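Each chain is listed here by its residues.
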Amino acid sequence: MKRIRFKELALMSYNGVARRINLNNDLVILAGGNESGKSSILKTLYHTLGATVHPFAQRWDEANVISLLKFTVDGVNFKAVRLANDVYVFNPDGTLRFHESDRQKIAVKVSELFGIPP
């Protein structure tokens, strides 16, 4: 498997709320009270890359969150966007690497990108 590093997570919703979380550190600590969104942030990392994650908090589901994840694979920059069931992954030069909405196809393509054997 290749070295994967999350750099930044940007979250936007149709209700006008947006957040940016810097993950570009050797250690990232998510702190907050109950129901503040810590678990939802962690779940969103996987969700952005095509995983089906249950359960999200009801408020999170209702917000229809769009996520943008900046990450590196062996030091090479990539971006992934999750919009509803659609996952878009972009190459370092900004070109579209793939767009899929089928979970199985997403899993195969992300596995290939990450160097995970089938």
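As shown above, the structure is provided for reference.
For clarity, every value in this text was computed on a predicted model and none was experimentally measured.

A. Molecular detail of helix α3 (residues 103-114). Relative to the 16 Å expected for twelve residues at 1.5 Å per residue, α3 spans 16 Å between its end C-alpha atoms, a close match to the ideal helical length. Of all the residues in α3, the buried ones are I106, V110, L113 and F114. Across the axial projection of α3, the buried residues extend over an arc of 90°, all falling on one side. Exposed side of α3, more than 90 degrees from the buried face: Q104 and E112 are the residues found there.

B. A look at the packing of aromatic side chains. Counted under the stated rule, the structure contains two aromatic pairs. Ring geometry for F71 versus F78: centroids 5.8 Å apart, planes at 20°, classification stacked. Overall, F71 belongs to the buried group, its relative accessible area being 1%. Of the residues examined, F78 reaches a relative accessible area of 8% and is grouped as buried. Taken together, a centroid distance of 5.9 Å and an interplanar angle of 85° make the contact between F71 and F114 edge-to-face. Of the two residues, F71 is situated in strand β3 (residues 66-73) and F114 in helix α3; the sequence distance between them amounts to 43 residues. Pair check on accessibility: F71 and F114 agree, each one buried. By way of ring pairs, the aromatic residues F71, F78 and F114 are connected into one cluster.

About the thresholds
- Residues numbered from 1 in each chain as written.
- Predicted model: local features only at pLDDT ≥ 70, side-chain atom pairs only at ≥ 80, totals over all residues.
- Heavy atoms only, no water.
- Helix = DSSP H or I, 4+ residues; strand = E, 2+ residues; numbered from the N terminus.
- Expected span 1.5 Å × (residues − 1).
- Buried < 20%, exposed > 50% of the residue type's maximum accessible area, 1.4 Å probe, protein only.
- Arc of directions from axis to C-beta.
- Phe/Tyr/Trp six-rings, centres within 6.5 Å; stacked < 30°, edge-to-face > 60°.

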